[in-house]
Amino acid sequence: MRIMLTLDQIRAFVAVAEELHFGRAADRLRMTQPPLSRHIQKLERSVGVTLLERDNRRVVLTDAGRAFLDDARRMLSLVDTAGDRARRIASGAAGTVRLGFTAVSAISMLGALLRRLSERLPEIDVILHERVTAGQVDGLLRGELDLGLARPPFDIATLDSRVVFREPLCAVVPAGHRLAELGRPLAPDDFDGLPVVSYNPIQSRYFHELTVRFLTNAHPRIEQQVHQILTAVLLVAAGRGVALAPASARSLGVDGVSFCDLVRGGGDPLDDGGGSGEPVELHVIWDRTSTNPALGRVLELLPDLGP
């Protein structure tokens, strides 16, 4: 059986149930008693049970009426708040943001970002997706993600990006390695002849290019190319070579490795200006055609480190 209820019927019932008097309920609703009585009658026919026992002297809730009253109040409360929630979602103060991130970006920034969102925008739900940069770009283009924390480059016309975090590049060497005993920042020449765990030039293009740029005048032996920072660090721990990684990789907590500073923070050794000393950039990326209002509010809370 299909039940057809209206808000006018629900409001009429709640008023009568709380007043237990049709006259007072009609005054409360600013209406006369005949249409109020018709609302109650139609409601009872729709529900299929008697909700109110009434005669000339009194009005009493039935057991079914008492149970229905609780649900009726919840329905009215939902209706009262639904409009406000819709307005908050439209303004971006509430809603959902699907956020992509890489494993190392989680170390450097994700925790702080989630805490800030929880404090400043508590009604925005953040759904997390761990993906490499290429997977994040694909997710943004497919509408599966709203925002990403990823590494450049982003050669997609519809994507916007900005830098939100910078850090130095450093060397990862096996514990006890001679490079760890030098007590100074390492230069490219220090890697001459050493086996190096590098990065895949397609799947991990960004860290591949950073490694090649720093070691451009050195003559290391590329032993292995991997996709992930963690994999590179684990291979170093296993004695398969040395690697370059962002400074935040220190927080991965891998045993059997040491982290060493690099000259100029691992920036381009041919840059006479010395660079910033923080060549590793983390970008926030998003689709500029997105219609999600919450996205703009989240972007407002992210730092903008400029060019």
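Residues numbered from 1 in each chain as written. Predicted model: local features only at pLDDT ≥ 70, side-chain atom pairs only at ≥ 80, totals over all residues. Heavy atoms only, no water.

The chain has the name LysR substrate-binding domain-containing protein in an unreviewed UniProt entry, where Nonomuraea maheshkhaliensis is given as its organism. If you open the UniProt record of the chain and go to Sequence similarities (unreviewed entry), you find "Belongs to the LysR transcriptional regulatory family." (UniProt positions renumbered as here; feature names shortened; annotations may be inferred.)

K.L.:
Pulling in residues and values, what's your account of the layout of surface pockets?
P.N.:
In this structure, the largest pocket spans a volume of roughly 530 Å³. If you trace the largest pocket, you find 25 residues lining it, with Thr133, Ala134, Gln203, Ser204 and Arg205 closest to the centre. Put simply, the parts of the chain that give the lining of the largest pocket at least two residues each are α5 (103-120), α6 (133-142), α7 (205-214) and α8 (229-237). Broken down by class, the residue content of the lining of the largest pocket amounts to 14 nonpolar, 6 polar and 5 charged. (1 Å grid on protein atoms, 1.4 Å probe; cavity = no way out; pocket = protein on both sides within 12 Å on 5 of 7 lines; lining within 4 Å. Points joined across faces, edges and corners; volume = space filled by probe spheres on them. Helix = DSSP H or I, 4+ residues; strand = E, 2+ residues; numbered from the N terminus. Nonpolar A, V, L, I, M, F, W, Y, C, P; charged D, E, K, R; others polar.)

K.L.:
Can you explain the sheet that holds strand β5 (residues 147-150)? Please cite residues and give values.
P.N.:
Pairing is mixed in the open sheet, where 5 strands are placed in the order β4-β3-β5-β12-β6. Edge strands, defined here as strands with exactly one partner in the open sheet, are β4 (124-130) and β6 (159-167). Across the sheet, the axes of successive neighbouring strands diverge by a mean angle of 20°, strand direction being ignored. Pairing of β5 with strand β12 (residues 280-287), which is carried by 3 bridges, proceeds in the antiparallel orientation. Bridge assignment links Leu149 to a residue of β12, and that residue is Val284. On top of the sheet, α5 reaches β3 (95-101), β4, β5, β6 and β12; it is set at about 160° to β3, its chief contact. (Pairing = 2+ DSSP bridges. Axes fitted to C-alpha atoms, helices over the stretch in contact; angles between N-to-C directions. Contact = heavy atoms within 4.5 Å.)

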